[in-house]
Amino acid sequence: MAQTQLRPLDPDQLRWRCDERMFTFRTTKELVPLRGIVGQQRAIEAIKLGAAIESRGFNIFVMSLLGTGRLTTIKQVLEPIAQQRREFYDFAYVHNFADPTMPRLLRFRAGRARQFARALQETLAFLRQRIAELFREESFQRSRNAISQRFRSKEAALIEQFNKRIAPEGFTLGQLSQPDGSTHYDLFAVIRGKPTSIDQLGVLVSEGKLSERRAERLVRTYMRLREELATMSYQGLEMQRAFEQALLDHARKAASIIVSAAFDELRERFRGESVTDFLSQCEQDIIANVELFSPQFAASPEAELPGGKTIADKLKEYTVNILVDNSQTLSAPIIIETFPTYTNLFGTIERRYDRSGMVHSDFTMIKAGDVLRADGGYLIVNANDVLNDPLVWQTLKRVLLYGKLEIQPPDGLGGTIVLKPELIDVNVKVIMLGDYQTYLALSAIEEDFNKMFKIAAEFDYETDRSEKMLQNYARFVARLCEEENVLHARPSGVAALIEWAVERAEDKNKITINFSDVSDVIREASFVARQQRKKYFDRDCVEEALRLRRRRTELQDVKIKSQILHGVLMIDTHGERIGQINGLTVYSTGLVSFGKPARITASTGAGNAGIIDIEHEASLGGNIYRKGVLTIPGLLREYFGQRRPLALSASISFEQNYGGIEGDSASLAELYAILSSLARVPIKQAIAVTGSINQKGDVQPVGGVNEKIIGFFEICQQQGLDGMHGVIIPHQNIADLMLPEPILRACSEGTFHVWAIRHFTEGIPILTGMEAGSILPDFTYPPGTFLHAVDQRLEELALVAREYTRTL
């Protein structure tokens, strides 16, 4: 039977080349730098929608890979929208005179908080000066002296009345000095016309100047009169208190006119702001504590008051703690927080220890975080950073769900709360940067997540390779070179950069828009050009930069290649063997991905065990790999199980695989190994295979096809190309091919080949030299074909199984 075999792909199909003649510039220095955003229209539309809708819950979760320019794009989209917003507020906390542990919140129109704080301080300074002057005025002193004279007269009358009461008893009232300088009244016995202390009576008796009987009588009288003295002293104390209160009332009455006038002016100046209640409390407290404004206290700010406060502490109660000052803000704030700790996001309350070692906080120690500073605007955070701290995530959820912010220190939430400031109504749009997996996880785990983030913006990592996009690439090069002072590019340099970008996209019709990686290649190519003393970088510089980049990260690749070439890892690239094939794998080190061949073997015999997957049995295969293996029995039943049940036991193995393996790209090669073992037809070891298979025999595309071909080519090249070597790939992967020049040259010379197939049968003639064979109406295959050999062997195995069953 004539043998039919696919032709290898033409070299032109193995790589797309960027024609540098499409660029009319001599160097990118002549171009207008790219300033806009390219390739992310879907994400831009989502961000614009979320940013424009002010209703609660329309926060934005941005899904993207790193380096796709998401942060730059977000800023460029938000800035015009932010310019349209003009309503901003200042936020401040003030002392709560009714309950100092619950500071009051004041919200002002933008810029008014600073004006209010300054006006209040000016008013306070004026009152301190004016009240002190008032207390020195002659009219004030005259009326104050009149009050003093009135109370002194009452005190003198009380003492005189008491003296008259005790004189007939032989006593008089006198004052004694204490060591601390104070004085108090006491009773003195009048003996021979002289006041005598009761303690001296014993001395007078011993000297014979006083009889013992009279001394005892005087002591008894003294004890009785002391009770009356105590009553008189209490009356004097009450009189003193009344006197002091009268002086205070006098001072308050005199000062209240000045204080009320000053605060009336403040209320008028800040009408429409939420300060009326605070000013009224402030006014009442200043009048109640007007003595603090007297000249005697003005010079002693550190003087201690009852309760341990100083004058300075008391005067601080009349100040304003501005948390957010938008006096210079012209557009809605856009805050990017790269270190979103609890304190940075939500603020805190600082603490200090007083002289007794007690923790102390007041309203002046309340500090704002980014959530409050971004009020009326946008806050951008990274999802991983936020989710790494459960306290940050839980607090952020409360803010987004309820629109209220409570400022507390992070440790204060679980312990003693020193202060409980008034809650703040906040209006902030949160933009969280993450990836698709994080978004799915949050949607599944957090029941309120979709209420909080109603807008999802997906950033693409690639876009169509249109001519306009290629011109934009050149303008991007111009922009980076201008901004970072790196060397500009010639057209050949831009063309080489674009080819690399298309290769990164793994699709010749696409191009990567991961501009972070693109920028790195430009920087490295510029460095190479400087080393070569060139004024501009060209294709050679880009290719050398990429070669150096690969060399920096290819250590594992070199080691594995060395093991293969020295026979430690057994790979045959010449000859033929039954049930053995070269599959292709991709290794990833985190720094670089590279391909290498892997020996796949199959063993078949009679039985009913089906296909035994050794990787799965050894717990080395992943779920997707397992699915690929489980597809093979379905295909065998489809092609060979229509006339009788399959009596097959087979095993497949990735030889010398001691690590995990994942993906279904080896299922096509595994199928060929099993079929070879059944047909007893050898497979050419010069050919490697990659591809996924379905139950109908269709070949499905795989990833990493360029790396796989390069990896096998390098081994074949080292062991000697003889025109028989090549790789079989799925036809869908033709669009992904961006193979390097050495492979293109070998394909042009006919020493290496790349075949693309649609169905597994198309690869059989390439691997075995035999016609595959088409299924006949009776579900058999033409004699002399590969599939006929397989079918015959399965028939033999079925007979063996039946005969064996009869012997049991």
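Residues numbered from 1 in each chain as written. Predicted model: local features only at pLDDT ≥ 70, side-chain atom pairs only at ≥ 80, totals over all residues. Heavy atoms only, no water.

A word on the sheet that holds strand β17 (residues 455–458)
Taken in spatial order, the five strands of this open sheet run β8-β13-β16-β1-β17, and their pairing is parallel. Both edges of this open sheet fall to β8 (334–336) and β17, since each of them pairs with a single strand only. Strand-to-strand twist in this sheet, taken as the mean axis angle between neighbours without regard to direction, amounts to 20 degrees. With four bridges joining them, strand β1 (residues 60–63) and strand β16 (residues 429–434) adopt parallel strand pairing. What sits directly across from Val62, in β16, is Leu433. Across the face of the sheet, helix α14 (residues 436–445) comes into contact with β1 and β17 while running at roughly 140 degrees to β1. (Pairing = 2+ DSSP bridges. Helix = DSSP H or I, 4+ residues; strand = E, 2+ residues; numbered from the N terminus. Axes fitted to C-alpha atoms, helices over the stretch in contact; angles between N-to-C directions. Contact = heavy atoms within 4.5 Å.)

Section: the environment of Leu497
By the secondary structure assignment, Leu497 is in helix α17 (residues 491–505). With a relative accessible area of 1%, Leu497 lands in the buried category. Separated by 20 residues in sequence, Leu497 and Val477 have C-alpha atoms that sit 9.5 Å apart. The residues touching Leu497, leaving out its near neighbours within four places in the chain, are Tyr473, Val477, Val518, Val521, Ile522 and Val542. (Buried < 20%, exposed > 50% of the residue type's maximum accessible area, 1.4 Å probe, protein only.)

What about the nonpolar core?
Formed by 47 residues in total, the largest nonpolar core has its most connected members in Ile581, Leu636, Phe640, Tyr672 and Phe760. Mapped onto this core, the elements with two or more residues apiece are β22 (593–606), α22 (623–640), β24 (648–654), α23 (667–679), β26 (687–689), β30 (752–757), α26 (760–768) and α27 (786–807). Sort the elements by how many residues they give to this core and α23 lands first, with nine residues. Within the second largest apolar cluster, 41 residues are counted, among which are Leu105, Leu345, Leu372 and Leu419. (Core = buried A, V, L, I, M, F, W, Y, C linked by side-chain atoms within 4.5 Å.)

Some remarks on the sheet that holds strand β6 (residues 194–197)
One open sheet accounts for three strands, arranged β4-β5-β6; its pairing is antiparallel. Of all strands in the sheet, those with a lone pairing partner are β4 (171–177) and β6, marking the two edges. Within the sheet, the average angular offset between the axes of one strand and its neighbour, ignoring direction, is 50 degrees. The pairing of β4 with strand β5 (residues 183–191) spans seven bridges and is antiparallel. Residue pairing across strands places Gln175 opposite Tyr185, the latter belonging to β5.

Considering the side chain of Asp557
Relative to the elements of secondary structure, Asp557 occurs in helix α20 (residues 555–565). Contacts of Asp557, omitting those with residues within four sequence positions, involve Arg550, Phe594, Lys596 and Glu714.

Remarks on a positive patch on the surface
Taken together, the side chains of Arg192, Arg213, Arg214, Arg217 and Arg220 present a region of like positive charge at the surface. Take Arg214: it is sitting in helix α6 (residues 212–269). We classify Arg214 as partly exposed; its relative accessible area is 31%. (Patch = residues over 30% accessible without salt bridge, like charges linked within 9 Å, V, L, I, M, F, W, Y side chains within 5 Å. Areas by Shrake-Rupley, 256 points an atom, 1.4 Å probe, with all protein chains shown as cover. Salt bridge = Lys/Arg side-chain N within 4 Å of Asp/Glu carboxyl O. Lys, Arg positive; Asp, Glu negative; His and termini not counted. Charge placed at Lys NZ, Arg CZ, Asp CG, Glu CD.)

With respect to the packing of α20 against helix α24 (residues 705–719)
Two quantities define a packed helix pair, namely the angle between the helix axes and the distance between the axes. Orientation of α20 relative to α24, taken along the N-to-C sense of each, is 45 degrees, at an axis distance of 11 Å. In terms of their interaxial angle, α20 and α24 are classed as oblique. Here the hand of the crossing between α20 and α24 comes out right-handed. Within the contact between the two elements, α20 uses Asp557, Lys561, Ile564 and Leu565 and α24 uses Glu714, Ile715, Gln718 and Gln719. Tallied by class, residues from the contact of α20 with α24 come to three nonpolar, two polar and three charged. (Parallel < 35°, antiparallel > 145°, perpendicular 65-115°, else oblique. Left-handed = near helix turned anticlockwise from the far one by under 90°. Nonpolar A, V, L, I, M, F, W, Y, C, P; charged D, E, K, R; others polar.)

A few points about the environment of Leu470
Checked against the element boundaries, Leu470 lands in helix α16 (residues 467–484). Residues Leu470 and Cys18, spaced 452 residues apart in sequence, show a C-alpha to C-alpha distance of 9.0 Å. Not counting the four nearest positions on each side in its chain, Leu470 is found in contact with Trp16, Met22, Phe23, Arg465, Ile498 and Ile511.

A look at the pattern of salt bridges
Under the definition given, this model contains 51 salt bridges. The shortest N-O distance in the salt bridge between Asp464 and Lys510 comes to 2.6 Å. Of this pair, Asp464 sits in strand β18 (residues 462–464) while Lys510 sits in strand β19 (residues 510–512), and the two are 46 residues apart along the sequence. Asp464 sits in the partly exposed class, given a relative accessible area of 46%. For Lys510, a relative accessible area of 23% gives the class partly exposed. When salt bridges with common partners are traced through the structure, they connect Arg550, Asp557, Lys561, Lys596 and Glu714 into a single cluster.

Observations regarding the state of the cysteines
Counted under the stated rule, the structure contains zero disulfides. Not engaged in a disulfide, the cysteine Cys18 finds its nearest cysteine sulfur in Cys481; these two sulfurs lie 16 Å apart. A relative accessible area of 5% means that Cys18 is categorised as buried. Not engaged in a disulfide, the cysteine Cys481 finds its nearest cysteine sulfur in Cys541; these two sulfurs lie 12 Å apart. Residue classification places Cys481 among the buried residues on the basis of a relative accessible area of 2%. (Disulfide = S-S within 2.5 Å.)

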